[in-house]
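Below are the chains, spelled out letter by letter.
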Amino acid sequence: MTQLTHIGPKRFFRAVALVGVSGGVGAVVRDLLLKFQPTANAYDWTSHIPWVLTAINLSGIFLVTRILIGPLRHHTFNSESRLFWVTGFFGGYTSYSSLFVTLGAIWHLSVPASILTALVIIGASIAAGAAGVIGAKK
Amino acid sequence: MTLLLVGIFGGLGCIVRYVMEFLVRLWHPTRRPWGTVAANFLGTVLAGWAVYRLSSPIDAHLHSVIVTGFCGGLTTASSALAIPVLLAKSHHWKYSAALIITSPLLCALGFVLGMGLASH
């Protein structure tokens with residue numbers, strides 16, 4: 001298991017740079033896509049539903065599952081391809097914290113709606129991961 | 001300008017998450033993503049704090065940089081939910097279920113904790 005982490009300082013700093021650059025690009029792509037989210041109405045919880053963020057997260061989960069089961073199947077945690085795509089790009093592209101910021105806003109308007117939204121999104125996320133597994137098998 | 005800063009801080013968030021995951025695996029070699037769970041918790045605490053403290057329109061720019069940029073990079077939905085699916089595929093049902101259940105609950109707790117810390 002030690003091969004998972006034992007890398008020299010030079011390779012470690014290269015990994016940090018790779019994750020930083022690809023993660024930054026992923027974050028920029030997410031921020032640009034989030035501009036398509038309609039403006040929320042202060043009194044209507046349905047207007048706070050994070051459609052765009054959910055689409056971003058679902059696509060990210062689907063693609064990460066698919067590449068981890070396919071092209072990057074035998075790549076260890078510190079392999080450059082895995083650092084670039086999984087830890088970096090898709091790590092920056094998807095966001096868990098923004099989801100909770102939105103759920104917090106819905107919570108202030110309707111507690112059941114917030115819980116329901118969270119459950120539906122988590123269920124859809126698991127389905128996206130499962131679709132990635134099934135897609136990779138074909 | 002904000003977009004550039006979101007990219008820079010998003011990259012920094014990803015680096016912090018990678019270092020956390022790296023250190024967890026260094027001390028306790030594992031294929032389980034506990035470093036990612038910890039990063040998601042830390043990111044939601046910070047996001048909760050920022051949402052409470054940076055709610056004024058004057059802070060909109062800083063809010064974007066911290067919440068969308070840094071917290072967005074620090075937290076990840078892709079690894080947090082793809083890894084449990086892959087664990088389930090290899091019949092590690094307990095780990096998979098534990099990750100799927102604990103991650104959102106911890107993050108919800110982290111968000112509330114962050115808001116609580118900001119209000120004091």
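None of the values given here were measured: they were computed from a predicted structure.

Conventions we followed
- Residues numbered from 1 in each chain as written.
- Chains lettered and ligands numbered in written order.
- Predicted model: local features only at pLDDT ≥ 70, side-chain atom pairs only at ≥ 80, totals over all residues.
- Helix = DSSP H or I, 4+ residues; strand = E, 2+ residues; numbered from the N terminus.
- Buried ≥ 20, exposed ≤ 12 C-beta atoms within 10 Å, placed from the backbone.
- Contact = placed C-beta atoms within 7 Å.
- Axes fitted to C-alpha atoms, helices over the stretch in contact; angles between N-to-C directions.
- Parallel < 35°, antiparallel > 145°, perpendicular 65-115°, else oblique.
- Left-handed = near helix turned anticlockwise from the far one by under 90°.
- Nonpolar A, V, L, I, M, F, W, Y, C, P; charged D, E, K, R; others polar.
- Core = buried A, V, L, I, M, F, W, Y, C linked by C-beta atoms within 7 Å.
- pLDDT = per-residue confidence, 0-100.
- Expected span 1.5 Å × (residues − 1).

This part covers the overall build of chain A. Regarding its fold elements, chain A presents five helices and zero strands. Seen in sequence order, chain A has helices and strands lined up from the N terminus as α-α-α-α-α. Taking the principal axes of the C-alpha coordinates as reference, chain A spans close to 55 × 35 × 25 Å. Evaluated residue by residue, chain A yields a buried proportion of 46% over its 138 residues. Here the contacts in chain A between residues at least 6 apart in sequence split such that 75% fall between residues at least 24 apart.

Now for the overall build of chain B. Helix and strand content of chain B: five helices and zero strands. Overall, chain B shows an N-to-C arrangement of helices and strands of α-α-α-α-α. Expressed as lengths along the three principal axes of its C-alpha atoms, the size of chain B is roughly 50 × 30 × 25 Å. When burial is assessed residue by residue, chain B has 52% of its 120 residues classed as buried. The long-range share in chain B, meaning contacts at least 24 apart out of those at least 6 apart in sequence, stands at 74%.

Take the packing of helix α4 (residues 97-109) of chain A against helix α2 (residues 34-53) of chain B next. The N-to-C vectors of α4(A) and α2(B) enclose an angle of 45°; their axes lie 9 Å apart at closest approach. Considered as vectors, α4(A) and α2(B) are oriented oblique to each other. Crossing angle aside, the handedness with which α4(A) passes α2(B) is right-handed. Here α4(A) contributes A:S97, A:F100, A:V101 and A:G104 to the contact with α2(B), which in turn contributes B:G43, B:T44, B:A47 and B:V51. Of the residues that constitute the contact of α4(A) with α2(B), the class distribution is four nonpolar, four polar and no charged.

Our next topic: the nonpolar core. Among the nonpolar cores identified, the biggest contains 57 residues, and A:I61, A:V64, A:F100, B:A47, B:A50 and B:C71 are the most heavily contacted of them. Filtering out sequence-adjacent residues up to four positions away, A:V64 remains in contact with A:V86, A:F90, B:S78, B:S79 and B:A82. Formed by eight residues, the second largest nonpolar core is a distinct cluster that contains A:L18, A:L83, B:C14 and B:Y18.

Moving on: the interface of chain A and chain B. In this assembly, 47 residues from chain A lie in contact with 43 residues from chain B. At the level of secondary structure, the elements contributing two or more residues to the side of chain A that touches chain B comprise α1 (9-34), α2 (51-69), α3 (80-93), α4 and α5 (111-137) of chain A. Residue contributions to the side of chain A that touches chain B peak at twelve residues, all from α1(A).

Turning our attention to unusual backbone geometry. Residues and elements named next belong to chain B. Although it is not a glycine, H91 adopts a positive phi angle of roughly 65°. Looking at the element boundaries, H91 is found in the loop between α4 (77-89) and α5 (93-119). Exposure remark for H91: the 8 C-beta atoms within 10 Å place this residue in the exposed category.

This part covers the confidence of the model for chain B. Predicted confidence across chain B gives a mean pLDDT of 90, with 99% of residues reaching 70 or more. Reported confidences for the modelled complex are a pTM of 0.92 and an ipTM of 0.91.

In this section: α2(B). Given a rise of 1.5 Å per residue, 20 residues ought to cover 28 Å, and the 29 Å separating the end C-alpha atoms of α2(B) matches this to within 8%. Of all 20 residues making up α2(B), 16 are buried, and the element is well covered by its neighbours.

Moving on: the environment of A:V25. When you line up the elements, A:V25 lands in helix α1. Looking at A:V25, the number of C-beta atoms within 10 Å reads 19, which means it is partly exposed. Each C-alpha atom, one on A:V25 and one on A:Y93, is 7.8 Å from the other, the two residues being 68 residues apart in sequence. Leaving out residues up to four positions away in the same chain, A:V25 has contacts with A:F89, A:G92 and B:G7.

This next bit is on the environment of B:L117. Residue position: B:L117 is located in helix α5. A C-alpha to C-alpha distance of 21 Å links B:L117 and B:S103, two positions 14 residues apart in sequence.

So, about the packing of α1(A) against helix α1 (residues 2-27) of chain B. In a pair of packed helices, the angle between the axes and the distance between the axes together describe the arrangement. It is the contact of α1(A) with α1(B), at a shortest axis distance of 7 Å, that shows an interaxial angle of 135°. Relative to α1(B), the element α1(A) is oriented oblique. Here the hand of the crossing between α1(A) and α1(B) comes out right-handed. Along its contact with α1(A), which presents A:V16, A:V19, A:G20, A:V21, A:G23, A:G24, A:V25, A:G26, A:A27, A:V28 and A:D31, the element α1(B) presents B:L3, B:V6, B:G7, B:I8, B:G10, B:G11, B:L12, B:G13, B:C14, B:I15 and B:Y18. By residue class, the composition of the contact of α1(A) with α1(B) is 13 nonpolar, eight polar and one charged.

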